[in-house]
Amino acid sequence: MKNELSPILDRLTKDYLNLRHTWEEFNQLFSGDLKNIELMNSIAPGFFALMQGMMIESMILGMARMTDRARTSSHDNLSLFHVVCAPYAELDDYRAELRLLVEAARVSTLNARHWRDKRIAHRDLMQHEAAFTIGYNELRDGIKSIYIVLNRITELAQNTSIAEDIIPSAGNATSLLAALYHFANSRPSNEIETEGPS
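What this report covers is the structure whose coordinates are included nearby. Source: prediction; values computed, not measured.

What follows covers the overall build of the chain. From N to C terminus, the chain includes eight helices and two strands. Considering only contacts within the chain whose residues lie at least 6 apart along the sequence, 69% involve residues at least 24 apart. Accessible surface, the chain: about 11700 Å² in total, of which carbon and sulfur atoms supply 55%.

See the structure below:
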């Protein structure tokens, strides 16, 4: 029989898997072979720039939500901190360990929450754009820190673990790149854009 923590863990795991899936697709499209970037820029530069920005914002939002405080005003948040602070009996003996892991994840994702608060949710009038940057390594490390906490909670509460690697499915970024290469190779070279919209 499922305990009261199980539905919360199920939702957090789904959020994590969505975050991790976005990360994997982002890597396949934007951080691999330079030829892939050149291909996307030759076919639809505006679209892929938009897609890159949307994927980054989606990952930032996912990391920020999962590492938010346990409560905001009078509302409980679906976050790792909520799980560690709430009185779930199966975690009682491990609360100190879990608090350290959550705090490490919160430190690792501090810029993600700051970005969400000041750039996505609200636009800070006095803040310069350059003040809020999140790099590739920071995204990777933030997602990894969330995995470490969520996996440990799952091990303790459900005696199982979360797979660290996502198995790619058909119709993913690799399939898209293959179709783009096929398209680019099947049309005359003078039809391929080399610059973005003017």
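Further notes follow.
Running from amino to carboxyl end, helix α1 (residues 6-30) crosses helix α8 (residues 173-186) at an angle of 25°, the nearest separation of the two axes being 9 Å. One element, α1, and the other, α8, form an angle in the roughly parallel class. The two elements α1 and α8 meet at a crossing, and its hand is right-handed. Taken together, the residues of α8 that come into contact with α1 (itself represented by E25, Q28 and L29) are A173, T174, L176 and L177. Split into classes, the residues belonging to the contact of α1 with α8 amount to four nonpolar, two polar and one charged.

Tracing the sequence through the fold places T109 in the loop between α5 (95-108) and α6 (110-120). Of note is the side chain of T109, whose polar atom sits 2.9 Å from the side chain of T67. Side-chain polar atoms of T109 contact the backbone oxygen of A105, separated by 2.7 Å. The contacts of T109, once residues within four sequence positions are left out, are M63, T67, G142, S145 and I146.

Below, the discussion takes up the pattern of salt bridges. Scanning the entire structure with this criterion turns up eight salt bridges. Of the charged contacts in the structure, one is a salt bridge between D92 and R95, with a shortest N-O distance of 2.6 Å. The partly exposed category is assigned to D92, whose relative accessible area is 45%. A residue is classified by how much of its surface remains accessible, and R95, at 14% relative accessible area, is buried. In this structure, R152 and E155 form a salt bridge, with 3.4 Å as the shortest nitrogen-oxygen distance. One end of the pair is R152 and the other is E155, both in helix α7 (residues 136-158) and three residues apart, which spans about a single turn.

Applying the stated criterion across every chain, the model contains five aromatic pairs. Measuring from ring centre to ring centre gives 6.2 Å for W23 and F26, while their planes differ by 20°; the resulting arrangement is stacked. A residue pair is termed a helical-turn pair when its members lie 3 or 4 positions apart in one helix, as W23 and F26 do in helix α1 at three residues. Just as W23 is buried, F26 falls in that class too. Between W23 and Y136 the ring centres are 4.9 Å apart and the planes differ by 40°, which places this aromatic pair in the tilted class. A residue pair is termed long-range when its members are at least 10 positions apart, and W23 in helix α1 and Y136 in helix α7 qualify at 113 residues. Through a chain of ring-to-ring contacts, three or more aromatic side chains come together here, namely W23, F26, F30 and Y136.

Analysis parameters
- Residues numbered from 1 in each chain as written.
- Predicted model: local features only at pLDDT ≥ 70, side-chain atom pairs only at ≥ 80, totals over all residues.
- Heavy atoms only, no water.
- Helix = DSSP H or I, 4+ residues; strand = E, 2+ residues; numbered from the N terminus.
- Contact = heavy atoms within 4.5 Å.
- Areas by Shrake-Rupley, 256 points an atom, 1.4 Å probe, with all protein chains shown as cover.
- Axes fitted to C-alpha atoms, helices over the stretch in contact; angles between N-to-C directions.
- Parallel < 35°, antiparallel > 145°, perpendicular 65-115°, else oblique.
- Left-handed = near helix turned anticlockwise from the far one by under 90°.
- Nonpolar A, V, L, I, M, F, W, Y, C, P; charged D, E, K, R; others polar.
- Polar contact = N/O pair within 3.5 Å; in protein donor to acceptor, adjacent residues only side chain to side chain.
- Salt bridge = Lys/Arg side-chain N within 4 Å of Asp/Glu carboxyl O.
- Buried < 20%, exposed > 50% of the residue type's maximum accessible area, 1.4 Å probe, protein only.
- Phe/Tyr/Trp six-rings, centres within 6.5 Å; stacked < 30°, edge-to-face > 60°.

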